[in-house]
Amino acid sequence: MKVDLHTHSTASDGVLSADELIQIATDKPLDYFSITDHDTITGYLSVREKAKAIGMNLIAGLELSTLWNGIGVHIVGPNFEPTHSAMAHLLQHQTDARIARTDTILQKLAKIGFELSLSELQSSVGKGVIGRPHIAQLMVEKGYVKGTNQAFKKYLGNGKIGDVKNGWISLSDGVKAIRESGGVAVIAHPNHYNVTRTKLLRLVDEFIGAGGQGIEVISGKQHRDVTDKIATIATDKGLYASIGSDFHRPLSFGVGVGELPPLPDSVPPIWELFH
Ligand code: AMP
Ligand code: MN
Ligand code: MN
Ligand code: MN
């Protein structure tokens, strides 16, 4: 099975359009593919009919920004019903939160001397939702930082002044909304949260308590030890295993669409839940 259930388009912070992603996934070809933009499904919706027409298994997707104990936790939510009211409410909440958050981040950055306006940001983003990568890019363009890495390291990354996450839906409410709309909830890139194993297991327990069923056992380019560690957690907790490149752009540090090793045989694959 060739599967990629975590990719980004220009509807959020990816550089390829949903159409271009579909083309790549078709060329591979992939057995299951999902476009999982941050808190929006417009990229997915724009190619849904086309994917159906060419007989591709395009799974409805998004990557939800949630908050758990002060930590920003991402939940991938494949296979929901896009027209379900629970999904509409969820997306509206996140859209409002993202707009308010952008304002807050710009105000915080203004206080330390960076002049960045919403209109400048909008013109560089185009039609997608605004995220920290766009703010980082604008800071580069204005000569405030040398590169986007520096922008995250000093101003936008974990715990920095521009890391604003208090408006996101709670982890458990986010999971419940995905489940209610028929989707499967999956913990994205579990090795990226910078928490102890004990804390990660507490997160997993709360996630399961809210109805969560899956975890990304393989996320992008990762060491085999990490895969084994997450597979063990999946087995111990009875979670299904998901796999995704977290593709944002070609030729960067990450991996290409669908260019992933197979999931370990020890864990049940998440697509057993897709019907
Ligand atoms: P947001 O959705 O606005 O919270 O932005 C989160 C996105 O920023 C992630 O999905 C990554 O694409 C990107 N990102 C997060 N941390 C970093 C980092 N340290 N360096 C570069 N990009 C990052
Ligand atoms: Mn991203
Ligand atoms: Mn993420
Ligand atoms: Mn992602």
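First, a word on scope: everything that follows refers to the structure included in this document. Along each chain, residues carry numbers from 1 onward, in the same order as the chain's sequence is written. Chain letters and ligand numbers both follow the written order, the letters beginning at A and the numbers at 1. Side-chain atom pairs in this predicted model are given and counted only at pLDDT of 80 or more, local residue features only at pLDDT of at least 70, and totals for whole chains, interfaces and linings cover all residues. The basis for the side-chain values is all heavy atoms of the structure; hydrogens and waters are excluded.

**A word on the sheet that holds strand β3 (residues 58–59)**
Between any two strands, pairing holds if DSSP finds at least two bridges. The secondary structure listing takes helices from DSSP runs of H or I that are at least 4 residues long and strands from runs of E that are at least 2 residues long, numbered from the N terminus. Read from one edge to the other, the open sheet built from three strands follows the order β1-β2-β3, with strand pairing classed as parallel. Looking at strand neighbours, the two that pair on one side only are β1 (3–4) and β3, the edges of this open sheet.

**Re the coordination of the manganese ion (ligand 3)**
For Na, K and Ca the donor cut-off is 3.2 Å, while for other metals it is 2.8 Å, and in both cases only N, O and S atoms qualify; water is not among them, so sites may look incomplete. Within the protein, the manganese ion (ligand 3) binds to Glu63 (OE), His74 (ND1) and His189 (NE2); these donor distances fall in the range 2.1 to 2.2 Å. Exposed residues in this analysis have more than 50% of their type's maximum accessible area, buried residues have under 20%, and partly exposed residues fall in between, with area computed by a 1.4 Å probe over protein chains only. Residue classification places His189 among the buried positions, given a relative accessible area of 8%.

**What to know about the nonpolar core**
We call a set of buried Ala, Val, Leu, Ile, Met, Phe, Trp, Tyr and Cys residues a nonpolar core when their side-chain atoms join them within 4.5 Å. In terms of nonpolar packing, the biggest core is built from 67 residues, with Phe33, Ile75, Val217 and Trp271 touching the most fellow members. Here this core takes five residues from helix α9 (residues 224–237), the largest share from any one element. The contact criterion used is simple: two residues touch if any of their non-hydrogen atoms lie within 4.5 Å. Leaving out residues up to four positions away in the same chain, Phe33 has contacts with Asp4, Leu5, Thr7, Leu21, Ile22, Ala25, Met56, Asn57, Leu58, Ile59 and Val257. With 17 residues, the next largest nonpolar core counts Ile105, Phe114, Tyr155 and Leu156 among its residues.

**Concerning the packing of helix α4 (residues 118–125) against helix α5 (residues 132–141)**
Taken N-terminus to C-terminus, the directions of α4 and α5 make an angle of 105°; their axes are 10 Å apart at the nearest point. Comparing their axes, α5 and α4 come out roughly perpendicular. Side by side, α4 and α5 meet where Glu120, Leu121, Ser124 and Val125 of the first sit next to His134, Ile135, Leu138 and Glu141 of the second. By residue class, the composition of the contact of α4 with α5 is four nonpolar, two polar and two charged. Here, axes are lines fitted to C-alpha atoms. For helices the fit covers the stretch in contact, and angles between N-to-C directions go from 0 to 180 degrees. Comment on the angle field: the value is read as roughly parallel under 35 degrees, roughly antiparallel over 145, roughly perpendicular from 65 to 115, and oblique elsewhere. Only Asp, Glu, Lys and Arg are considered charged in this grouping, and only Ala, Val, Leu, Ile, Met, Phe, Trp, Tyr, Cys and Pro are considered nonpolar; every other residue, Gly among them, is considered polar.

**Some remarks on helix α1 (residues 18–27)**
One turn of an α-helix holds 3.6 residues; hence residues three or four places apart share an orientation. Of all the residues in α1, the buried ones are Ala18, Leu21, Ile22 and Ala25. One side of α1 holds all its buried residues, which, seen down the axis, span an arc of 100°. Comment: arc refers to directions from the helix axis out to C-beta atoms.

**Focus: the site of ligand 1**
Nearness of a residue to a molecule or strand requires only that one of the residue's heavy atoms be within 4 Å of it. If you check the shell around ligand 1, you find Asp13, His38, Arg98, Arg101, Gly131, Arg132, Pro133, Phe152 and His248 and nothing else. Polar contact is defined as a pair of N or O atoms within 3.5 Å, subject to the rule that within protein one atom must be able to donate a hydrogen and the other to accept it, and that residues adjacent in sequence are counted only when both atoms are side-chain atoms. Contacts to ligand 1 include Arg101, whose side-chain N or O atom sits 2.2 Å from an oxygen atom. In this structure, Arg132 approaches ligand 1 through a main-chain N or O atom, which is 2.7 Å from an oxygen atom. Isolated, ligand 1 exposes 500 Å² of accessible area, and the fraction of that covered by the protein chains is 69%. At the level of secondary structure, the elements contributing two or more residues to the shell around ligand 1 comprise α3 (85–111) and α5. Taken together, the residues of the shell around ligand 1 break down into two nonpolar, three polar and four charged. Accessible surface is estimated by sampling points in the Shrake-Rupley manner with a 1.4 Å probe; for residues, cover comes only from the protein chains shown.

**Some remarks on the coordination of the manganese ion (ligand 2)**
Coordination sphere of the manganese ion (ligand 2), protein contribution only: Asp13 (OD), His38 (NE2) and His248 (NE2), at 2.1 to 2.2 Å. Written as a sequence motif, the donor arrangement for the manganese ion (ligand 2) is D-x24-H-x209-H. The distance between the manganese ion (ligand 2) and the manganese ion (ligand 3) is 5.6 Å. With a gap of 25 residues between them, Asp13 in the loop between β1 and α1 and His38 in the loop between β2 (32–34) and α2 (42–53) connect regions that are remote in the sequence. Of the residues examined, His38 reaches a relative accessible area of 10% and is grouped as buried.

**Looking at α9**
Multiplying 1.5 Å by the helix residue count minus one yields the expected span of that helix. In a regular helix each residue adds 1.5 Å, so 14 residues correspond to 20 Å; α9 covers 20 Å between its end C-alpha atoms and thus fits that length. Within the span of α9, buried status applies to Val226, Thr227, Ile230, Ala231, Ile233 and Ala234. Each buried residue of α9 sits inside an arc of 160° when the element is viewed along its axis, so together they form one side. Exposed and oriented more than 90 degrees from the buried face of α9 are Arg224, Asp225 and Asp236. Close packing links the buried residues of α9 with α8 (197–209) and β8 (214–219). At the exit of α9 stands Gly238, carrying a positive phi of roughly 70°.

**Thoughts on the environment of Asp27**
By the secondary structure assignment, Asp27 is in helix α1. Residues Asp27 and Leu138 lie 111 residues apart in sequence; the distance between their C-alpha atoms is 34 Å.

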